[in-house]
Amino acid sequence: MKFRPLHDRVLVRRVKEEEKSKGGIIIPDTAKEKPQEGKVIAVGAGTVGEDNERVPLDVKKGDTILFGKWSGTEVTIDGEELIIMKESDILGVIEK
């Protein structure tokens, strides 16, 4: 299935959770927090400004982003858990 977000919405896949701490301790599933980092899968066309011109989003497909702990709505598409959020929920883009 293909999914295209509308307006200023972004579809994000969370990065994989770490199985071990930096010190080598294995973290049980019940103690893991969901990562606040993800990869942008798809973006909407942007919002329409006051002058009726389309304002494109600052993020693009493939960007690695940071977002708030409670940002977006979790959805399941083709059996994969993804997040749909507004661009304003994104805290920043990680540049490598």
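Below is a summary of the structure that appears in this document. Bear in mind that the values here come from a model prediction, so they are computed numbers and not experimental data.

1. A word on the sheet that holds strand β8 (residues 90-94)
Alright, step 1. Read from one edge to the other, the open sheet built from six strands follows the order β6-β7-β1-β2-β5-β8, with strand pairing classed as antiparallel. Two strands close off the open sheet at either side, each with one partner strand: β6 (73-77) and β8. Averaged over neighbouring strand pairs, the angle between their axes works out to 45° when direction is ignored.

2. Considerations on the pattern of salt bridges
Alright, step 1. For the structure shown, the criterion picks out three salt bridges.
Alright, step 2. Salt-bridge contacts for arginine 14 lead to glutamate 74; the nearest nitrogen and oxygen are separated by 3.1 Å. Highlighted residues: arginine 14 in strand β1 (residues 9-14) and glutamate 74 in strand β6, separated in sequence by 60 residues.
Alright, step 3. Among the salt bridges present, the one from lysine 60 reaches aspartate 63, with a minimum N-O distance of 3.2 Å.
Alright, step 4. Take lysine 60: its relative accessible area is 54%, and that puts it in the exposed class.

3. Brief notes about the environment of leucine 57
Alright, step 1. By the secondary structure assignment, leucine 57 is in the loop between β4 (54-55) and β5 (64-67).
Alright, step 2. It is 5.4 Å that separates the C-alpha atoms of leucine 57 and glycine 46, two residues lying eleven residues apart in sequence.
Alright, step 3. The residues contacting leucine 57, other than those within four sequence positions of it, are His7, Asp8, Arg9, Val10, Val43, Gly44, Gly46 and Glu87.

4. Section: the environment of valine 48
Alright, step 1. Relative to the helices and strands, valine 48 is located in strand β3 (residues 47-48).
Alright, step 2. Here valine 48 is in contact with Glu53 and Arg54, once residues within four sequence places are set aside.

5. A few points about the side chain of serine 71
Alright, step 1. Assignment of secondary structure puts serine 71 in the loop between β5 and β6.
Alright, step 2. In terms of polar contacts, serine 71 uses its side chain to reach the backbone amide nitrogen of glycine 68, at 3.1 Å.
Alright, step 3. Leaving out residues up to four positions away in the same chain, serine 71 has contacts with Ile83, Met85 and Asp89.

6. Some points on unusual backbone geometry
Alright, step 1. A positive phi angle, near 50°, is found at histidine 7, a position not held by glycine.
Alright, step 2. Its location among the elements puts histidine 7 in the segment before β1.
Alright, step 3. Phi at aspartate 78 takes a positive value of approximately 55°, unusual for a residue other than glycine.
Alright, step 4. Within the secondary structure layout, aspartate 78 lies in the loop between β6 and β7 (80-86).
Alright, step 5. With a relative accessible area of 56%, aspartate 78 lands in the exposed category.

7. A look at the nonpolar core
Alright, step 1. Formed by Val10, Val12, Val40, Leu57, Val59, Ile65, Phe67, Ile83, Met85 and Ile90, the largest nonpolar core amounts to ten residues.
Alright, step 2. Counting only elements with at least two residues in this core, the list comes to β1, β5 and β7.
Alright, step 3. Setting aside residues up to four positions removed in sequence, isoleucine 90 forms contacts with Val10, Val59, Ile65, Leu66 and Met85.
Alright, step 4. Residues Leu11, Ala42, Ile77 and Leu82 belong to the second largest nonpolar core, which totals five residues.

Analysis parameters
- All residue numbers refer to position in the chain's written sequence, counted from 1.
- Where totals are concerned, whole chains, interfaces and linings use all residues; where local detail is concerned, this predicted model gives features only for residues with pLDDT of at least 70, and gives and counts side-chain atom pairs only at 80 or more.
- Hydrogen atoms and water are omitted, and side-chain values are computed over all heavy atoms in the structure.
- For two strands to pair, DSSP has to find at least two bridges joining them.
- Strands are runs of DSSP state E lasting at least 2 residues, helices are runs of H or I lasting at least 4, and numbering of each runs from the N terminus.
- Axis lines are fitted to C-alpha atoms, over the contacting stretch for helices. Their N-to-C directions set the angle, which ranges from 0 to 180 degrees.
- The working definition used for a salt bridge is a side-chain nitrogen of Lys or Arg within 4 Å of a carboxyl oxygen of Asp or Glu.
- Classification of residues uses two cut-offs on accessible area relative to the type maximum, computed with a 1.4 Å probe and protein chains only: under 20% is buried, over 50% is exposed, and between them is partly exposed.
- Any two residues whose heavy atoms approach within 4.5 Å are treated as being in contact.
- We define a polar contact as two N or O atoms separated by no more than 3.5 Å, with the added condition that, inside protein, one atom must be a possible hydrogen donor and the other a possible acceptor, whereas residues neighbouring each other in sequence contribute only through side-chain atom pairs.
- By nonpolar core is meant a set of buried Ala, Val, Leu, Ile, Met, Phe, Trp, Tyr and Cys residues that side-chain atoms within 4.5 Å join together.

Functional significance is not addressed by these values, which are geometric in nature.
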